[in-house]
Amino acid sequence: MDRHDDQTPAGDGREHTSWRLARAAMAQTHADPSLSGLAAGLQRVCRAATSSLGLLGAVVHLITGEREALVASSDEASRRLGELPFEVGEGPCLEAFALARPILVPDLMLMGPPRWPGYLSAVDGHGLRASYSFPLLVGAVRLGVLDLYGASPRSLTPTEVSLALVFARVAIETLLDGSDGSSVALLDDPQVGVMHGRLEIYQAQGMVKVDLGVDLAEALALMRAHAFGRDVTLLDVARLILDGERLLGPEGG
Amino acid sequence: MISTSRLSDLFVEVADTLVDDFDLIDFLHHVATSAAEITSSTAVGLMLDDQEGNLRFMAASSEDARLLELFQLQNAEGPCLDAHRTGEEVADIVIEESVERWPVFAPRAAELGLHSAHCFPLRLRDQVIGAMNTFRADARAMSQEERRVARALADLATIGLMQERALRRAEELTEQLQFALNSRIVIEQAKGVVARTLDVGVDQAFGMLRAYARQHRLRLTDVARDVVEDRGALQALVDSAT
């Protein structure tokens, strides 16, 4: 597709298929012209996920403490669907957030004893049949949930699960940077997909939290800004911190 | 020859941690430590498929940073990756003879004084969900008996990962794997917090978190979460360490 395709890590024969598919879907997607910044970036994620996974729609919930905000949706109907669990106080996305694990329901009508009776009656008539909720997490940092809605009952294939996880990751990075989707550049670099698994980044994140007295999410955002500003990788920054270096605080000192 | 009494002790110990309220990371650490002892390995590590195309580190018998690096770089190449891809054991690898096959992995392993490697896939029915990696300081081949026990421990790791879930639904594998991978990140964040607060190494910080969890009969992941979320656990841990 483009020159990045042959830049997979040395020795890695596996193609990061889902990263390629996600990149292609994002490139073909636009946000509403009325939106800008974070809202635009996340709407692109919702729309790219919807089109590439053949869904009814998608939303991103931002959840901090007691406050919940639906910050993006692929379309108006999905926005409405996304609001329902918070009106009735239950549903797969709330459970995914609380339990810190994906909640994948291939057929909402086929759950033994209904897990969320109030939610099911609320969504009745909205054409929702399958629900796939992916919590947006970086370890102990819980940002929100990417909710994917399906019109027909089916399980996601392994490739689709992989793709959904990549979209969740793009949503996380967009939220961390508060960006308009330019961080989607991360999809251009296959190393980024590899890097989020590196333990050093999270160890360093804990260290920056202590060094600067910031919260964990802010610690990671500062590390990312530092990497971006010096044109080095996040792993490089993490290694410097592990070696004892201290980042400058949010106020530059 | 593995002593039968030691073997039964080990399995009882591992099975004992597999109770209702068990902590997954601590359990996998225990499996790795037992596998290292029983196969006379210098280090044993467990890696999981993150379902995004990467193999990610989950637990090891030693949290030594250089060993963790060796496990992690097998996301790109190495016996662990091959075991995961093929679903077959990668047996009796002599590190010095593997430089052409794995130009990054082999020299790095040799630098750490490791001479042989043996990898077991973690299998769940027809799927391979990860791999268990054993390293030894000598080039001796693994005996049939050692291999059998190591395989049983690899299976035990898979059982622990899936917990009580019978996997009636394909979705349960994704739910459980993603939860496990994120739990490991929480542990790393807590290691960083403890290491900086007490000016100790990250491997030592892991030992302290684990000791504190044991001592207070808490789950390792819960302690880690409390430490990073400032719920007084960090101060308690500092107090108990000094």
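Reading the values: rules and limits
Residues numbered from 1 in each chain as written. Chains lettered and ligands numbered in written order. Predicted model: local features only at pLDDT ≥ 70, side-chain atom pairs only at ≥ 80, totals over all residues. Heavy atoms only, no water. Helix = DSSP H or I, 4+ residues; strand = E, 2+ residues; numbered from the N terminus. Contact = heavy atoms within 4.5 Å. Areas by Shrake-Rupley, 256 points an atom, 1.4 Å probe, with all protein chains shown as cover. Lys, Arg positive; Asp, Glu negative; His and termini not counted. Charge placed at Lys NZ, Arg CZ, Asp CG, Glu CD. Pairing = 2+ DSSP bridges. Axes fitted to C-alpha atoms, helices over the stretch in contact; angles between N-to-C directions. Buried < 20%, exposed > 50% of the residue type's maximum accessible area, 1.4 Å probe, protein only. Buried area = accessible area lost by both parts, 1.4 Å probe. Salt bridge = Lys/Arg side-chain N within 4 Å of Asp/Glu carboxyl O.

Right, let's talk about the overall build of chain B for a bit. Counting its regular elements, chain B contains 10 helices and 5 strands. In terms of its C-alpha atoms, chain B occupies a principal-axis envelope of roughly 50 × 45 × 40 Å. Sequence separation of 24 or more characterises 63% of the internal contacts of chain B that already satisfy a separation of 6 or more. With an accessible surface of roughly 9700 Å², chain B has 49% of that area assigned to carbon and sulfur atoms. Taken together, the 25 basic and 40 acidic charged side chains of chain B have centroids lying 2 Å from each other.

The next thing to look at is the sheet that holds strand β5 (residues 127-136) of chain B. All names here are of chain B. One open sheet holds the 5 strands; their spatial order is β2-β1-β5-β4-β3, and the pairing between them is antiparallel. Strands with a single pairing partner mark the edges of an open sheet, and in this sheet they are β2 (55-60) and β3 (90-94). Averaged over neighbouring strand pairs, the angle between their axes works out to 25° when direction is ignored. Bridge analysis of β3 against strand β4 (residues 116-124) gives 3 bridges, and the strand direction is antiparallel. Considered in β4, the bridge of I93 is made with A117. In the packing of helix α2 (residues 24-38) onto the sheet, contacts are made with β1 (43-49), β2 and β5, and the angle to β2 comes to roughly 75°.

What follows is about the environment of A150 of chain B. Residues and elements named next belong to chain B. Assignment of secondary structure puts A150 in helix α6 (residues 144-162). Overall, A150 belongs to the buried group, its relative accessible area being 0%. Discounting chain neighbours no more than four positions away, the residues touching A150 are T39, F120 and M132.

Across the contact, 50 residues belong to chain A and 40 residues belong to chain B. Counting the surface lost from both chain A and chain B, the interface buries some 3700 Å², and carbon and sulfur atoms represent 50% of this. Put simply, chain A and chain B have 4 salt bridges between them. The salt bridge involving E52 of chain B is made with R169 of chain A; its shortest N-O contact spans 3.3 Å.

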